[in-house]
Amino acid sequence: MIPEPKHPVHVLLSPEVIKGLKEGDEHMLRYPPFISGYPALIRGGDLLKLHTDKLTKIQTTLGLRPEEFDELVMPVLRAYADYVHLLPASELHHHRGPGGLMRHGIEVAAFAVLKSNNAVFDHDKYPQEKSKREKPWRVAAMCAGLIHDAGKPLTDLRVTDETGAKVWAPVEESLLEWANSQSVARYYLHWNSNRHKVHKHLSATMVDTLIPRKTRGWIMNAGQDIYASMVNAISGDDPNSVLTGIVIRSDSASVEQDMKRHGGEATSSGTGVPVNRLVVDAIRRLV
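Note that the coordinates shown come from a computational prediction; the quantities given were computed from them, not determined experimentally. (Residues numbered from 1 in each chain as written. Predicted model: local features only at pLDDT ≥ 70, side-chain atom pairs only at ≥ 80, totals over all residues. Heavy atoms only, no water.)

J.: Quick rundown of the overall build of the protein chain? Include the residues and the values.
T.: Counting secondary structure elements, the protein chain contains 15 helices and three strands. A buried classification covers 44% of the 287 residues belonging to the protein chain. For the protein chain, long-range pairs separated by at least 24 residues make up 73% of all intrachain contacts whose partners lie at least 6 apart in sequence. As presented, the protein chain carries roughly 15,600 Å² of accessible surface, and 54% of it is formed by carbon and sulfur atoms. (Helix = DSSP H or I, 4+ residues; strand = E, 2+ residues; numbered from the N terminus. Buried < 20%, exposed > 50% of the residue type's maximum accessible area, 1.4 Å probe, protein only. Contact = heavy atoms within 4.5 Å. Areas by Shrake-Rupley, 256 points an atom, 1.4 Å probe, with all protein chains shown as cover.)

J.: Requested: an account of the side chain of Ser254, with residues and values cited.
T.: Mapping Ser254 onto the fold places it in helix 14 (residues 242-262). Overall, Ser254 belongs to the buried group, its relative accessible area being 0%. Leave out the neighbours within four places in its chain, and Ser254 touches His95, His104, Glu107, Val108 and Phe111.

J.: Just give me the short version of the pattern of salt bridges, but keep the residues and values in it.
T.: Counted by the stated rule, this structure contains twelve salt bridges. The salt bridge involving Arg65 is made with Glu68; its shortest N-O contact spans 3.5 Å. Given a relative accessible area of 14%, Glu68 falls into the buried group. For Glu107, the salt bridge identified is with Arg103, shortest N-O distance 3.1 Å. In this pair, Glu107 and Arg103 both sit in helix 6 (residues 100-117), four residues apart, roughly one turn of the helix. Classification of Glu107 as buried rests on a relative accessible area of 2%. By relative accessible area, Arg103 is classed as partly exposed at 27%. Ionic contacts of the salt-bridge type, sharing partners, join the residues Arg43, Asp46 and Lys49 into one network. (Salt bridge = Lys/Arg side-chain N within 4 Å of Asp/Glu carboxyl O.)

J.: Residue-level account of the nonpolar core, with values.
T.: Counting 62 residues, the largest nonpolar core has Ile58, Leu87, Leu146, Ile147, Val159, Tyr187 and Met230 as its most contacted members. By residue number, the principal contributor to this core is helix 5 (residues 66-84), which donates ten residues. If near-sequence neighbours (up to four positions away) are discounted, Val159 is found in contact with Leu87, Lys166, Val167, Trp168, Leu175, Trp178, Tyr187, Tyr188 and Leu189. (Core = buried A, V, L, I, M, F, W, Y, C linked by side-chain atoms within 4.5 Å.)

J.: If you had to explain the confidence of the model for the protein chain to someone new, which residues and values would you point to?
T.: Here the protein chain averages 83 in pLDDT, and 77% of its residues register 70 or above. Taken as a whole, residues 1-7 scores under 50 in pLDDT and shows two contacts with residues more than four places along the chain or in a different chain. Segment residues 265-273: pLDDT under 50, and 14 contacts once partners within four positions in sequence are set aside and those in other chains are kept. (pLDDT = per-residue confidence, 0-100.)

J.: Before we move on, can you summarise unusual backbone geometry with the specific residues and values?
T.: We note that His95 has phi near 45 degrees; this positive angle belongs to a residue other than glycine. Relative to the helices and strands, His95 resides in the loop between helix 5 and helix 6. His95 gets classed as buried once you look at its relative accessible area, which sits at 3%.

J.: Go over the packing of aromatic side chains, please, and point to the residues and values.
T.: Enumeration over the complete set of coordinates arrives at three aromatic pairs. Arranged with centres 4.2 Å apart and planes meeting at 5 degrees, the rings of Phe121 and Trp137 form a pair that is stacked. In this pair, Phe121 sits in the loop between helix 6 and helix 7 (127-147) while Trp137 sits in helix 7, placing the two residues 16 residues apart along the sequence. We classify Phe121 as buried; its relative accessible area is 16%. Take Trp137: its relative accessible area is 5%, and that puts it in the buried class. (Phe/Tyr/Trp six-rings, centres within 6.5 Å; stacked < 30°, edge-to-face > 60°.)

J.: Account for the side chain of Thr215, with residues named and values stated.
T.: Tracing the sequence through the fold places Thr215 in helix 12 (residues 213-222). A relative accessible area of 0% means that Thr215 is categorised as buried. For Thr215, the side chain forms a polar contact with the main-chain oxygen of Leu72, separated by 2.7 Å. Not counting chain neighbours up to four residues away, the residues in contact with Thr215 comprise Glu71, Leu72, Val76 and Val139. (Polar contact = N/O pair within 3.5 Å; in protein donor to acceptor, adjacent residues only side chain to side chain.)

J.: Tell me about the sheet that holds strand 3 (residues 186-191), and name the residues and values.
T.: Taken in spatial order, the three strands of this open sheet run 1-3-2, and their pairing is antiparallel. Two strands lie at the open edges of the sheet, namely strand 1 (38-39) and strand 2 (157-160), each paired on one side alone. Direction of pairing for strand 2 relative to strand 3: antiparallel, over a ladder of four bridges. Counterpart to Val159 in the pairing with strand 3 is Leu189. (Pairing = 2+ DSSP bridges.)

Following this line, the structure appears as structure tokens:
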């Protein structure tokens, strides 16, 4: 058996090769590739700035006054950003890279708000009442789209520090809160087996955590049926519901968009490391 080299990769390479490498390239030369973890202490608010274009679309389409948006919607987005942080939405399928779960949630939220503008929720109500409930329906659609996959950290993967001794409990605190309280500078992912669609109903259990009390109350005050439809849309229950249909179609649109742009693998490499993805992503980066 050939022993593993005891020296760093760069010690074994010629100066000409080293000169052609960029910072962060060294892990691509290892087999299996070395995963250096995810930076843990970036604030969710800073990560949201990477999605300013979509957040602007959401704000514009919701039709809320700026102060209403800041009071009712931004706290939901910030809570979601702190919670999912840089987690991917999947290991080998759509939105599989760092930050994929946040991007997917925001994309689905944006699609859902847009589709809710053209939906008929209150066909049996008088025009004045329908008008009064339009904005709560849109905010409910945004919230349902945003957190429809929030159960994934509870079922699909575990997050630990480098040693594996410190484990994030997503039902207790956000990923950012855990990293700060445990002084974790970088976190690591461990994917669970037999996880397909297990998260669906657990996503609805995160409503109280990710949607602040004031926003939940504002939606509930507009109608108990709106609040119930939002929760059902998150869990995927009641497929005949207009709002559930909107979230399902918005989810599909986001997945299709990402798969066209980045593709995906149907099977795992079996090494515990996403070798195929890392190779393809490295090729894209070099090109």
